[in-house]
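Residues per chain are reported as follows:
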Amino acid sequence: MSDIRNVKQLLDMVYNGGIVLPDFQRSFIWEPEDVRELIVSVLGDYFIGSMLFMNSTADEAPFALRLIEGVERVNRNARIQPLVRIVLDGQQRITALFYALYEVDIPLRGRKAPYRFFIDLNAALNKNWDEAVIAVNVNDRRRLSEIQNNPNIIPLSIIKNIGELSRRFVNHPDLNKIIDLANDFLNREIHIVTLPRNTDLNKIVETFERINRTGQPLSIFELLTARLFKYGIRLRDILEESKNKCQFLKDVQPEAVLKVMSLIRGKEPKRKNLLELEPENFEEDWKIACESLERAYQRCLDIRNGYGILDFKKWCPYSTMIVPLAAMLHYIKARDVENPLNYEKIDKWYWVSVFSNRYDQAVDSTSLNDLNAIKQWIENNKEPDFIQKFNPEEIDFDVDKQSSATYRGVISLIVLKGAYDFKTGQPPQFERERVQDDHIFPQSVFKENRILNRTLISTNQSKINKRPSEYFRERIEELGREKVKEILATHLIPPEAIDCLLNDNIAEFMKLRKEEILKEIKKRTGR
């Protein structure tokens, strides 16, 4: 069903609580220029797109509802009406119009103070629409003073009160044109498409996904929030409670919890399956998934017995791997088969997956396949094919991008070996804020950026631009040759490579270091 509503009709309904939003919709995110350009478009009668609503009653709505942002600031008596129109598409536009015409005291995105919008009548009457609309920060007192002292610039908010506008310009020669300008704005028609009250919830969810215009598509978590509301499951509240208990949610998106739940329930964690997660035992399974993810997260960050990730967001080879890892850890705990051999199997899976780049694509199907493969390995002692076929000699160490899984995997191995700083001899966890991914042979001299010439150090300044022959000779004079060898070993640099450093022989150094890194990978993967 479609019809036409003008700006005034829509904003009156917003003001009175007749037009509302689903509670899980994002807040108003437009910046001042976005709002200004919308006003220009309405003023100049440019097309601003259709809007999509759904008819409903407040009691029967399939999800929680809230007033348009700012309504409660200007109408203290505003309440959600018994019969409502729920905005499915058009939130940012309708909120922007309400914000500008009702002068809502809320800072816009990225600003510390609210904005006010004005119309320059001279420009507007000459149809110079872009110049006619002015946006001003309320803290810009000089600009506000200039505007207030200019009789031909009016607040946009005044146009919703034609009587006041008429009195202000009663003696103005262009009074009729000014009144027409205001009426044209208020009467500007907007095409509305309305879904009926009995619209299937799946269709509504799909609609949100397809037509969201903010440039930030609604997440699966937000969409599932809508679906579960009618079952009495308040997903946002559950998430907030989990954030207070679980450290992993600082670095991992909530969607990961849903993916682990899907795996635990035996399904591929793809979008469709997440949106169709059954409400039965939902909160219990959520708790189990969170506990499993927390264990997986701590295992990743463990720099002694785990996976050596010093900073999850910066150094995790594949953040997506935490999902199948959590499911695997849950499996061995739930089946009461936690023992060194089974943890070793999971560890082998982890390192093989990192260095064979298994999670570069098809992550959801790979996650389920890997979980099932690990189950078979544990239950029937059948080692997965991809582990059997893994050949460390085929790893490409020519990577030079920090985003590469191989690159990050090597850095993690270095952290696990100790990564003692060349100068201070201290491990990186003591000075996390100073730790840098740096060149061993300086880039400025040797032009070598690949991982075999990189490591973590805390005191870059003391070695910057120095050739290894100079820098490491200084370290040997200060610490002794054997101590320097010990420190180098914590960076997966073998003892014999010290001569390469002292002779600035980068080619031989990288060859020896590659062999040392391969030795470590072979040890951890059992190859």
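Residues numbered from 1 in each chain as written. Predicted model: local features only at pLDDT ≥ 70, side-chain atom pairs only at ≥ 80, totals over all residues. Heavy atoms only, no water.

Notes on the overall build of the chain
Applied cut-off: For helices the rule is a DSSP run of H or I covering at least 4 residues; for strands it is a run of E covering at least 2, with both sets numbered from the N terminus onward. With the radius of gyration taken over C-alpha atoms, the globule rule is written as 2.2 Å times the number of residues to the power 0.38. Exposure is judged per residue with a 1.4 Å probe applied to protein chains only, and the accessible area is read against the type maximum: over 50% gives exposed, under 20% gives buried, and values in between give partly exposed. All accessible areas in this document rest on Shrake-Rupley with a 1.4 Å probe, and a residue is counted as covered only by the protein chains that are shown.
Across its full length, the chain carries 26 helices and 11 strands. At 31 Å, the chain has a C-alpha radius of gyration far larger than the 24 Å of a compact globule built from 527 residues. Reported as C-alpha extents along the three principal axes, the dimensions of the chain are approximately 95 × 55 × 35 Å. The buried share of the chain, reckoned over its 527 residues, is 54%. Just so you have it, the chain exposes about 25000 Å², and 43% of that area is on carbon and sulfur atoms.

Some remarks on helix α2 (residues 32-43)
Put simply, the rule reads: Helices are assigned an expected span. That span is 1.5 Å times one less than the residue count. A contact between two residues is defined here by any heavy atoms of the two lying within 4.5 Å.
With 12 residues, α2 should reach 16 Å at 1.5 Å per residue; the first-to-last C-alpha distance of 16 Å fits that figure. In terms of burial, α2 is largely enclosed, as nine of its 12 residues are buried. Within the sequence span of α2, burial applies to P32, V35, R36, L38, I39, V40, S41, V42 and L43. Tucked into the core, α2 has its buried residues touching α1 (7-15), α4 (91-102), β6 (115-120), α6 (129-132), β7 (133-137) and α9 (175-186).

Some words on the environment of V193
Topologically, V193 is positioned in strand β9 (residues 189-195). For V193, a relative accessible area of 29% corresponds to the partly exposed category. As for V193 and I4, which are separated by 189 residues in sequence, their C-alpha atoms are 8.7 Å apart. Leaving out residues up to four positions away in the same chain, V193 has contacts with M1, S2, M51, L52 and F53.

Description of the environment of E448
Examined against the element boundaries, E448 turns out to sit in the loop between α22 (443-446) and β11 (454-457). On the accessibility criterion, E448 (11% relative accessible area) is buried.

A closer look at the pairing of strand β2 (residues 19-22)
Note the threshold: In short, DSSP must find at least two bridges between two strands for them to pair.
Across two bridges, β2 lies against strand β5 (residues 83-89) in parallel orientation. Of the residues in β5, the one forming a bridge with V20 is I86. Pairing between β2 and strand β4 (residues 65-67): three bridges, direction antiparallel. Residue pairing in the sheet places L21 in a bridge with R66 of β4.

Thoughts on the side chain of S353
Topologically, S353 is positioned in helix α18 (residues 340-355). Setting aside chain neighbours within four positions, we find S353 in contact with Y318, M321, R358, Y359, D370 and F386.

Observations concerning the nonpolar core
The following threshold applies: Only buried residues count toward a nonpolar core, which is a set of Ala, Val, Leu, Ile, Met, Phe, Trp, Tyr and Cys residues joined through side-chain atoms within 4.5 Å.
Within the largest apolar cluster, 107 residues are counted, with the highest numbers of intra-cluster contacts made by L258, F282, W286 and W349. Top element by residues in this core is helix α17 (residues 322-334). It accounts for nine residues. Residues in contact with W349, not counting those within four places in the same chain, are M321, P324, L325, M328, Y359, D370, I374, F386 and I387. Among the nonpolar cores identified, the runner-up in size contains 71 residues, and V20, A78, I106 and A226 belong to it.

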